[in-house]
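# An overview of the molecular structure
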Amino acid sequence: MLGGIEAGGTKWVCAVASSPDCILEEVRFPTTTPEETIGRALSFFREMEARHGRLAALGIGCFGPVDVGEGSPSWGFITTTPKPGWRDTGVAGVFQEELGVPVGFDTDVNAAALGECSYGAAQGLANVVYLTVGTGIGAGVVVDGRPVHGLVHPEAGHVLVRRHPDDTYGGRCPFHGDCLEGMASGPALAERWGMRGEEIPPEHEAWRMEAFYLAQGVMNLVLAVSPERVILGGGVMQQGHLFPLVRSELLRLLAGYVGHPAITEQVEDYLVPPGLGQRAGIVGALVLAARTAP
Ligand code: ADP
Ligand code: ZN
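Taking an unreviewed UniProt entry as the reference, the protein chain is identified by name as fructokinase belonging to Winmispira thermophila. UniProt, in the comment section headed Catalytic activity (unreviewed entry), describes the protein chain in these words: "D-fructose + ATP = D-fructose 6-phosphate + ADP + H(+)".

What follows is the structure, encoded as structure tokens:
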């Protein structure tokens, strides 16, 4: 039996499964304090072990920034998050000790990218980017079939973007102001236009501007990583009409420079929504578990 946690800044999803595409039971609850949130997850897995037997491994896809460095003293910690109460919080180690199981730990977006590679819109591909556009913007990067870790991990939600000539909004990233996340996250949309993304009508100019920024983020990733497919997920991308806007803006920005037909002729298969929908994160966490199990 595998365990998985999609540990988000807004909510946590915990699941047990016989394989990542066969979930047995699942719970979700809001992210409150670390003690309460981790405590609820531990109770769930203890109850599941009593009912279904021992876990072979647990996978955690976690909001961050996190420490994914194997052998690092703070491996499995959430590090410099601005989320109140969660800075320098150990996550993976607690589960390892309390449940006595091996734990695979990665960013929420790396886990989602892995889920999409295994069971979603990027099956069979080894080089994939998953960009989520929600409360924040984050990018999961899989290269040669493995989530990219480095000095820390990719933080491509915070790449710098050119300002739209009609945009006077200052941006809301607490670190950089007008980086991609600062200009194009769900809360940035809401603050700029005075209504939440859910309420902005499809024909509103907000979406052209949103696509202008998102396409720059995607272009930077295409140029830096050369993914075989880019997946755009998160709450804001529920606006399906954004996809054609981002695709055409991406083609305009690339200006034929990356001349591969997968982009120039089949961009609708290149820049796509998650095949797993909102389930990419939890399925990805279970894939992490499967890869960690002895
Ligand atoms: P989180 O990033 O917190 O895990 P989401 O991916 O759902 O969760 O992102 C939440 C953000 O996305 C909010 O700013 C919300 O206003 C925006 N959002 C959610 N659903 C939609 C939608 N259907 N259309 C536009 N924006 C949305
Ligand atoms: Zn930023």
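From this point, the discussion proceeds with the structure in view.
In this section: the domain arrangement of the protein chain. How big an interface is tends to be stated in terms of the accessible area lost upon association of its parts. Taken domain by domain, the protein chain holds domain 1 (2-111 + 278-292) and domain 2 (121-273). Put simply, the middle of domain 1 and the middle of domain 2, counted by C-alpha atoms, are 26 Å apart. Of the roughly 1100 Å² buried between domain 1 and domain 2 on both sides combined, carbon and sulfur atoms contribute 54%. Of all residues in domain 1, the largest losses of buried area upon contact with domain 2 belong to V68, V109 and N110, amounting jointly to 45% of the total for that side. Applying the counting criterion to the domain 1 and domain 2 interface returns zero salt bridges. In this assembly, domain 1 and domain 2 are joined by five residue pairs in polar contact (both at pLDDT 80 or more). Listed by contribution, the elements that provide at least two residues to the side of domain 1 that touches domain 2 are β7 (103-107), α3 (108-119) and α10 (280-292).

Angles between donor atoms at a metal ideally measure 109.5 degrees for a four-coordinate tetrahedral arrangement and either 90 or 180 degrees for a six-coordinate octahedral one. Within the protein, the atoms that donate to the zinc ion (ligand 2) are H158 (ND1), C173 (SG), H176 (ND1) and C179 (SG), at distances of 2.1 to 2.4 Å. Here the zinc ion (ligand 2) binds four donor atoms, and the angle range of 102 to 122° at the metal identifies the geometry as tetrahedral. Donor residues for the zinc ion (ligand 2), ordered by position in the chain, follow H-x14-C-x2-H-x2-C. For H176, a relative accessible area of 42% gives the class partly exposed. Under the relative-accessibility criterion, C179 is labelled buried at 0%.

Time to look at the packing of helix α6 (residues 205-225) against helix α7 (residues 242-254). At a minimum axis separation of 8 Å, α6 and α7 run at an interaxial angle of 55°. The pairing of α6 with α7 is recorded here as oblique in orientation. The crossing of α6 and α7 is right-handed. Each of W207, R208, E210, A211, F212, L214, A215, Q216, V218, M219 and L223 in α6 lies in contact with α7, whose residues at this interface are L242, L245, V246, E249, L250, L253 and L254. In the contact of α6 with α7, the residues fall into 14 nonpolar, one polar and three charged.

On to the sheet that holds strand β11 (residues 229-233), then. An order of β10-β9-β8-β11-β12 is seen for the five strands of this open sheet, with the pairing classed as mixed. The sheet is open, and its two borders are formed by β10 (146-147) and β12 (271-272), each paired with just one other strand. As judged from the two bridges shared by β11 and β12, these two strands associate in the parallel manner. Residue pairing across strands places I231 opposite V272, the latter belonging to β12. With respect to the sheet, α3 is in contact with β8 (128-133), β9 (137-143), β10 and β11, its orientation differing from that of β9 by roughly 50°.

With that out of the way, let us pick up the pairing of β7. Of all five residues that make up β7, five are buried, and the element is covered over most of its length. With five bridges joining them, strand β4 (residues 57-62) and β7 adopt parallel strand pairing. Note on β7: the bridge partner recorded for I60 is F105.

Another aspect to go through is the site of ligand 1. In the region of ligand 1, the neighbouring residues are T10, G134, T135, G186, P187, G197, E198, G234, G235, V236, Q238 and Q239. In the model, an oxygen atom of ligand 1 is placed 2.6 Å from a nitrogen or oxygen of the T10 side chain. Between ligand 1 and T135 there is a distance of 2.6 Å, counted from an oxygen atom to a side-chain nitrogen or oxygen. Summarising the interface, the protein chains cover 70% of the accessible area of ligand 1, which totals 560 Å² for the free molecule.

A few words now on the nonpolar core. Y213, L214, V218, L232, L242 and V246 are the most contacted members of the largest nonpolar core, which totals 40 residues. Looking at this core, the elements with two or more residues in it are β8, β9, α4 (180-184), α5 (186-193), α6, β11 and α7. Broken down by element, the residue count for this core peaks at 12 residues, all from α6. Sequence-distant contacts of L242, defined by excluding residues within four places in its chain, comprise W207, E210, A211, L214, V236 and M237.

Assignment of secondary structure puts G186 in helix α5. Contact partners of G186, with chain neighbours within four places excluded, come to G134 and V236.

Calculation notes
Residues numbered from 1 in each chain as written. Chains lettered and ligands numbered in written order. Predicted model: local features only at pLDDT ≥ 70, side-chain atom pairs only at ≥ 80, totals over all residues. Heavy atoms only, no water. UniProt positions renumbered as here; feature names shortened; annotations may be inferred. Domains from an automatic or database assignment. Buried area = accessible area lost by both parts, 1.4 Å probe. Salt bridge = Lys/Arg side-chain N within 4 Å of Asp/Glu carboxyl O. Polar contact = N/O pair within 3.5 Å; in protein donor to acceptor, adjacent residues only side chain to side chain. Helix = DSSP H or I, 4+ residues; strand = E, 2+ residues; numbered from the N terminus. Donors = N, O, S within 2.8 Å, 3.2 Å for Na, K, Ca; no water. Tetrahedral: all angles 85-135°; square planar, octahedral: opposite > 155°, others 65-115°. Buried < 20%, exposed > 50% of the residue type's maximum accessible area, 1.4 Å probe, protein only. Axes fitted to C-alpha atoms, helices over the stretch in contact; angles between N-to-C directions. Parallel < 35°, antiparallel > 145°, perpendicular 65-115°, else oblique. Left-handed = near helix turned anticlockwise from the far one by under 90°. Contact = heavy atoms within 4.5 Å. Nonpolar A, V, L, I, M, F, W, Y, C, P; charged D, E, K, R; others polar. Pairing = 2+ DSSP bridges. Near = heavy atom within 4 Å. Areas by Shrake-Rupley, 256 points an atom, 1.4 Å probe, with all protein chains shown as cover. Core = buried A, V, L, I, M, F, W, Y, C linked by side-chain atoms within 4.5 Å.

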